[in-house]
Amino acid sequence: MPLISVNEQGHSLFYEDSGVPLGTEESYTTLIVIHGASFHGGVFRRLLPLAPLHAVRLVLVNRRDYPGSSPYTDTDLAQINGNDAAAHENFQRARGVELATFVRCFVEREKVPQASPDGKSGGVSLTGWSSGNFYTLPLLAYADSIPAETREAIAPFLRSLIIFDPPRSLLGFSVLEHGFDMLHDALLTPAERAERFAQSFSIWVGTYYTHPDLASRDVSGLQLIPAEGLRTATTLAMSADDMREVRWTAALESSEVAVRPILPATYAEQVRRALVDDRLAAYWPRCGVDVVWCENTVWVVIDTVWRLEKLRKTADDEGIKGRAFRSLMIPGANHFPHWDEPEATMKNFADVLGNDDKR
């Protein structure tokens, strides 16, 4: 079982690796993917045999509390089971250090090629899918807290951070503002929220939504409630065996639901620091941010993308450079293009990685 230890306590992250693409040993790009809530790295497994065809080495990491990786300790969880803003920030900061440590250990162990001078080959790009973005953004947001030796070790490799179909809570906003949510009902206990999540969340995120007016850039132009769509919801089309192979509901009550009450201001500040902070952008200055989102995904993702774009525009107006930023849509896709359309999705990722010089 491939594992990398990510902290002094010996906690490890499990990963799956597509391996070095033949014929590109000196120039392939490593794409490290961090999964979302409930669905672990296995939901991206259909991409593993396709990645080498695009000179990409795909690494699927299971977050802590998921199969193969170390669970969170009581001390870890105590940081987020309260209203202490400093404790919440410390929890997020630790995740950034763990991810940086993983990247360093992987590139050193596997002798990964460094990023090319033009940023079009080699190196490492990180992708957070859905709630996985809670665990990738801290790498940039708390770059100043990562040990200097680790920070410098990964500098020749780090090319980009891909924010893939992010949730609205990433910015510190509750979905309940518009009346439909899976995890933020304060009247429910964590166990009750986890049960609701297990019963309903998969359909909510797996539906193909037909948004009536994307051009409006307003929630009123989005489909909020699941309904029969362009095709069967991904999660309804999955077999029971499929679900057993890609979903891990035990993490819901243990940590996923617990993370949601982190103070909204903590998340909002984390995004600002990661994207539009000139001081922090001086660390790994070649590492830009790509927001990749799906046309028929759940409404909270699209609203989040609009808000990220607005954050970037406001920064531009204020003369803040921050990190290079792009927003890219995958046409006709829902929240699970890597499962339903693996070939097209892998090509899309390869195109994003191959166009870093066109920001």
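Since the structure is predicted, the reported quantities are computational estimates derived from the model, not experimental observations. The written sequence of each chain sets the order in which its residues are numbered from 1. At least 70 in pLDDT is required for a residue's local features to be given in this predicted model, at least 80 for side-chain atom pairs to be given and counted, and no such filter applies to totals for whole chains, interfaces and linings, which use all residues. Derived side-chain values reflect all non-hydrogen atoms in the structure, with water molecules and hydrogen atoms excluded from consideration.

A. Just the sheet that holds strand β3 (residues 29-34), in detail. In space, the eight strands of this open sheet follow the order β1-β2-β4-β3-β5-β6-β7-β8, with mixed pairing throughout. Across the chains shown, the open sheet's two edge strands, defined by having one partner strand only, are β1 (3-5) and β8 (325-330). Averaged over all pairs of adjacent strands, the angle between their axes in this sheet comes to 25°, without regard to strand direction. Whether two strands pair depends on DSSP finding at least two bridges between them. The numbering of helices and of strands both runs from the N terminus, where a helix is a DSSP run of H or I of at least 4 residues and a strand a run of E of at least 2. Direction of pairing for strand β6 (residues 158-164) relative to strand β7 (residues 288-294): parallel, over a ladder of five bridges. Bridge pairing links Ile-162 to Asp-290 in β7. Note on contacts: a residue pair qualifies if any of its non-hydrogen atoms lie within 4.5 Å across the two residues. Convention adopted: a line fitted to C-alpha atoms gives each axis, helices being fitted over their contacting stretch, and angles between N-to-C directions are expressed from 0 to 180 degrees. Of the strands in this sheet, β1, β2 (12-17), β3, β4 (56-62) and β5 (124-129) are in contact with helix α2 (residues 85-110), which crosses β1 at around 120°.

B. Spatial organisation of the pairing of β4. Relative accessibility thresholds used throughout: buried, under 20% of the residue-type maximum; exposed, over 50%; partly exposed, between the two (1.4 Å probe, protein chains only). Burial analysis of β4 places seven of its seven residues in the buried class, which makes it a mostly covered element. Residue alternation in β4 divides its side chains into two sets, Val-56, Leu-58, Leu-60 and Asn-62 and Arg-57, Val-59 and Val-61, and both sets are buried. Bridge analysis of β2 against β4 gives four bridges, and the strand direction is antiparallel. Each residue of the ladder has a partner; that of Asp-17, found in β4, is Val-59. Pairing of β3 with β4, which is carried by six bridges, proceeds in the parallel orientation. Within β4, the position partnered with Ile-34 by the bridge is Val-61.

C. Representation of α2. Helices are assigned an expected span. That span is 1.5 Å times one less than the residue count. Taking 1.5 Å per residue, 26 residues should reach 38 Å; α2 reaches 38 Å between its end C-alpha atoms and fits that length. Under this definition, polar contacts are N or O atom pairs within 3.5 Å; protein pairs additionally need one hydrogen-donor-capable and one acceptor-capable atom, and for neighbouring residues in sequence, both atoms have to be side-chain atoms. N-capping of α2 is provided by Asp-84, with a side-chain oxygen placed 3.0 Å from the backbone N of Ala-86. The positive-phi residue at the C-terminal boundary of α2 is Lys-111, with phi of around 55°.

D. Local environment of unusual backbone geometry. One non-glycine residue with positive phi stands out, namely Lys-111, at about 55°. Tracing the chain through its elements places Lys-111 in the loop between α2 and β5. The exposure class of Lys-111 is exposed, given its relative accessible area of 67%. Its identity as a non-glycine residue notwithstanding, Ser-130 has a phi of 55°, on the positive side. Here Ser-130 shows up in the loop between β5 and α3 (133-141).

E. How the structure looks around the packing of aromatic side chains. We call Phe, Tyr and Trp rings a pair once their centres come within 6.5 Å, taking the six-membered ring for Trp, and we label the pair stacked below 30 degrees between planes, edge-to-face above 60, and tilted otherwise. Enumeration according to the criterion identifies nine aromatic pairs in this entry. Seen from their ring centres, Phe-44 and Trp-129 are 5.4 Å apart, and the 85° between their planes marks the pair as edge-to-face. Here Phe-44, found in the loop between β3 and β4, pairs with Trp-129, found in strand β5; they are 85 residues apart in sequence, far enough to count as distant. The residues Phe-44 and Trp-129 share a single accessibility class, namely buried. Taken together, a centroid distance of 5.3 Å and an interplanar angle of 85° make the contact between Phe-164 and Phe-349 edge-to-face. With Phe-164 in strand β6 and Phe-349 in helix α13 (residues 342-353), the pair connects residues that are 185 residues apart, well separated along the chain.

F. Molecular detail of the pattern of salt bridges. The salt bridge criterion pairs a side-chain nitrogen of Lys or Arg with a carboxyl oxygen of Asp or Glu, the two atoms within 4 Å. Counting across every chain of the model gives 23 salt bridges. Between Arg-104 and Glu-149 there is a salt bridge; the shortest N-O distance is 3.1 Å. Residue Arg-104 is located in helix α2, and its partner Glu-149 is located in helix α4 (residues 148-154); the two are separated by 45 residues in the primary sequence. One salt bridge in this structure joins Arg-272 and Asp-277, with 3.2 Å as the shortest N-O distance. Its relative accessible area of 12% is what places Asp-277 among the buried residues.

G. Structural detail: the state of the cysteines. Disulfides are defined as cysteine sulfur pairs within 2.5 Å. Scanning the entire structure with this criterion turns up zero disulfides. The cysteine Cys-287 is free of any disulfide, with Cys-105 supplying the nearest cysteine sulfur at 19 Å. What makes Cys-287 buried here is its relative accessible area of 2%.

H. Spatial organisation of the packing of α2 against helix α9 (residues 264-275). Where α2 contacts α9, the two axes come as close as 9 Å, and the packing angle between them is 45°. Looking at the two axes, α2 sits oblique to α9. Two packed elements cross with a definite hand, and for α2 against α9 that hand is right-handed. Along its contact with α2, which presents Ala-85, His-88, Glu-89 and Gln-92, the element α9 presents Thr-266, Tyr-267 and Gln-270. Under the scheme applied here, ten amino acids are nonpolar (Ala, Val, Leu, Ile, Met, Phe, Trp, Tyr, Cys and Pro), four are charged (Asp, Glu, Lys and Arg), and all others, including Gly, are polar. Of the residues assigned to the contact of α2 with α9, the class counts are two nonpolar, four polar and one charged. Roughly parallel refers to an angle under 35 degrees, roughly antiparallel to one over 145, roughly perpendicular to one between 65 and 115, and oblique to any angle outside these ranges. In a left-handed crossing the near helix is turned counterclockwise from the far helix by less than a right angle, and in a right-handed crossing that turn is clockwise.

Any link to function would need more than the numbers given here.
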